[in-house]
Amino acid sequence: MKQVDYIIVGCGLASIAFCEQLRANHKSFMVYDDNSQKSSLVAAGLYNPVVLKRFSDVWKAKEQLEIALPVYNKIEADLGVKFDHKLQLLRRFTSIEEQNLWFNAADKPSLEPYLSIQLLKNTHDCIDAPYGFGEVLHTGRLDTENLIKSYKFFLKEKDTLKEEQFQYHKLQIERGSLKYNEIIPKQIVFAEGFGVKKNPFFSHIPLNGTKGEVLIIQAPDLQIDFGVKSSVFIIPIGNNKYYVGATYNWKDKTHQPTDEGLDELLTKLKTFIKCDFEVIRHEAGIRPTVKDRRPLVGRHPKSQNLYVLNGLGTRGVMIAPYVAEKLFNFIENDKPLDFEINIERFKH
Ligand SMILES: Cc1cc2nc3c(=O)[nH]c(=O)nc-3n(C[C@H](O)[C@H](O)[C@H](O)COP(=O)(O)OP(=O)(O)OC[C@H]3O[C@@H](n4cnc5c(N)ncnc54)[C@H](O)[C@@H]3O)c2cc1C
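Residues numbered from 1 in each chain as written. Predicted model: local features only at pLDDT ≥ 70, side-chain atom pairs only at ≥ 80, totals over all residues. Heavy atoms only, no water.

Under an unreviewed UniProt entry, the chain has the name FAD-dependent oxidoreductase and belongs to Winogradskyella flava.

**Brief notes about helix α1 (residues 13-24)**
Taking 1.5 Å per residue, 12 residues should reach 16 Å; α1 reaches 17 Å between its end C-alpha atoms and fits that length. Among the 12 residues in α1, 10 count as buried, and that is most of the element. Among all positions of α1, only L13, A14, S15, I16, A17, F18, C19, E20, Q21 and L22 are buried. Positive backbone phi, at 55 degrees, marks H26, one or two positions downstream of α1. (Helix = DSSP H or I, 4+ residues; strand = E, 2+ residues; numbered from the N terminus. Expected span 1.5 Å × (residues − 1). Buried < 20%, exposed > 50% of the residue type's maximum accessible area, 1.4 Å probe, protein only.)

**Some thoughts on the sheet that holds strand β18 (residues 241-245)**
With respect to topology, eight strands assemble into an open sheet ordered β8-β9-β7-β16-β17-β18-β15-β19, the strand pairing being mixed. Looking at the sheet topology across the chains shown, the edges are occupied by β8 (115-120) and β19 (278-287). Neighbour-to-neighbour, the strand axes of this sheet turn through a mean angle of 25 degrees, independent of strand direction. Pairing between strand β7 (residues 89-92) and strand β9 (residues 133-136): four bridges, direction antiparallel. Bridge pairing in β9 links L90 to E135. (Pairing = 2+ DSSP bridges. Axes fitted to C-alpha atoms, helices over the stretch in contact; angles between N-to-C directions.)

**Points about the site of the ligand**
Surrounding the ligand, one finds 39 residues, the nearest of these being D33, S36, S40, F166 and G313. A distance of 2.8 Å separates an oxygen atom of the ligand from a polar atom in the backbone of S36. S40 places a polar side-chain atom, nitrogen or oxygen, 2.5 Å from an oxygen atom of the ligand. In the complex, the protein chains occlude 96% of the 1,000 Å² of accessible area that the ligand would expose alone. Taken together, the elements giving at least two residues each to the shell around the ligand come down to α1, α2 (39-42), β15 (210-218), β19 and α7 (316-333). In terms of residues, the shell around the ligand owes the most to one element, α2, which gives three residues. Classifying every residue of the shell around the ligand gives 18 nonpolar, 15 polar and six charged. For the shell around the ligand, the domains that each give at least three residues are domain 1 (2-44 + 145-206 + 291-346) and domain 2 (89-138 + 210-287). (Near = heavy atom within 4 Å. Polar contact = N/O pair within 3.5 Å; in protein donor to acceptor, adjacent residues only side chain to side chain. Areas by Shrake-Rupley, 256 points an atom, 1.4 Å probe, with all protein chains shown as cover. Nonpolar A, V, L, I, M, F, W, Y, C, P; charged D, E, K, R; others polar. Domains from an automatic or database assignment.)

**Digging into the UniProt feature "domain: FAD dependent oxidoreductase" (unreviewed entry) in the chain**
Those residues carrying the UniProt feature "domain: FAD dependent oxidoreductase" (unreviewed entry) are residues 5-326 in this numbering. Along residues 5-326, the helical share is 26% and the strand share 30%, with 18 Å between the first and last C-alpha atoms. (UniProt positions renumbered as here; feature names shortened; annotations may be inferred.)

**Brief notes about the pairing of β18**
Within β18, four of the five residues are buried, which leaves the element mostly enclosed by the surrounding structure. Pairing analysis gives five bridges linking β15 to β18, with the strands arranged antiparallel. Across the sheet, residue V214 finds its bridge partner in β18, namely G245. With five bridges joining them, strand β17 (residues 233-238) and β18 adopt antiparallel strand pairing. Residue F233 lies in a different strand from β18, and its bridge partner there is G245.

**Quick look at the side chain of D5**
Looking at the element boundaries, D5 is found in strand β1 (residues 2-9). When its relative accessible area of 15% is taken as the criterion, D5 is described as buried. D5 has contacts with H26, K27, S28, P185, K186 and Q187, leaving out every residue within four places of it along the chain. (Contact = heavy atoms within 4.5 Å.)

Below, the structure written as structure tokens:
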């Protein structure tokens, strides 16, 4: 038998952020991951404090970035791997009206630090952008695939990762004590993303799930070192490769990439990219989205030592460290959870 402070189910962005809380506070833990969900792996990993469709601010963007970036930078330092890449991000305008909306938004105090008031002209032959671009400031890309692979390796070396399915029916709960196979944890945090749908303890939480498909393309003539947001994102990832994404599908909950997804991405991409390219990867994942667009964090209504950390939606990179800190302080320091992230907000 092995006693640990925590079991964590899942090894995506939510789990990694919570593990970092545990490491910082000298708690022992064991992580289970079965590779059943792909959201964190296929994510573009962008962190960007502005909703670029409507030019509005992202919920608690400043606070989240202030917490998130030091967490990722600490992991980089501890693991000796670089994941956080600063990225210049340009919003392609499609009309004069859109340019005007941008400059109006840039006047708002909450957006002023993030929207440059310079109109950038297009100087690249391979891009069609007659109305130019606006630059979003303080943006970057977390290489989530590299982060997760490296983090799993790091956990494995410390014998704190089991690459297997957590089987809910094997969890024994007796008079408040937990036992799972040979592990006796004080608490369990479930961070399974869309996989929580199979979790009998938290299957009631209102997680919708939104499938997203993405492409990696090879485009030697494109030669850009900045990201462009138009009807889709195109983001340079090195060696003439670019990440293109993403689709939003609320009905299909499978992980398979589809012909429809491919068509949609290519059609949108070709509206503003004018050079040849080759698709070298096509992938899909399910974002753990929630109707009110807020995370799902909290304690099981009956079993006091079971917790959930989920609902990171379309912005897991920025939100994960923020909610992980909130959950840790709730469990260990009795700090109440904000109503807007607490699963109790859905109690009737
Ligand atoms: C196409 C796409 C693009 C995106 N782009 C961005 C972006 O640019 N920026 C951004 O911030 N966010 C982006 N996101 C959203 C982001 O990916 C999510 O918010 C985030 O990854 C959710 O992380 P998670 O850890 O909650 O869930 P997941 O990443 O789904 O991780 C859950 C983990 O739990 C494991 N698991 C589940 N059940 C079990 C079980 N029973 N036993 C063991 N393990 C289990 C799974 O294998 C998985 O590893 C994107 C998502 C998609 C799909």
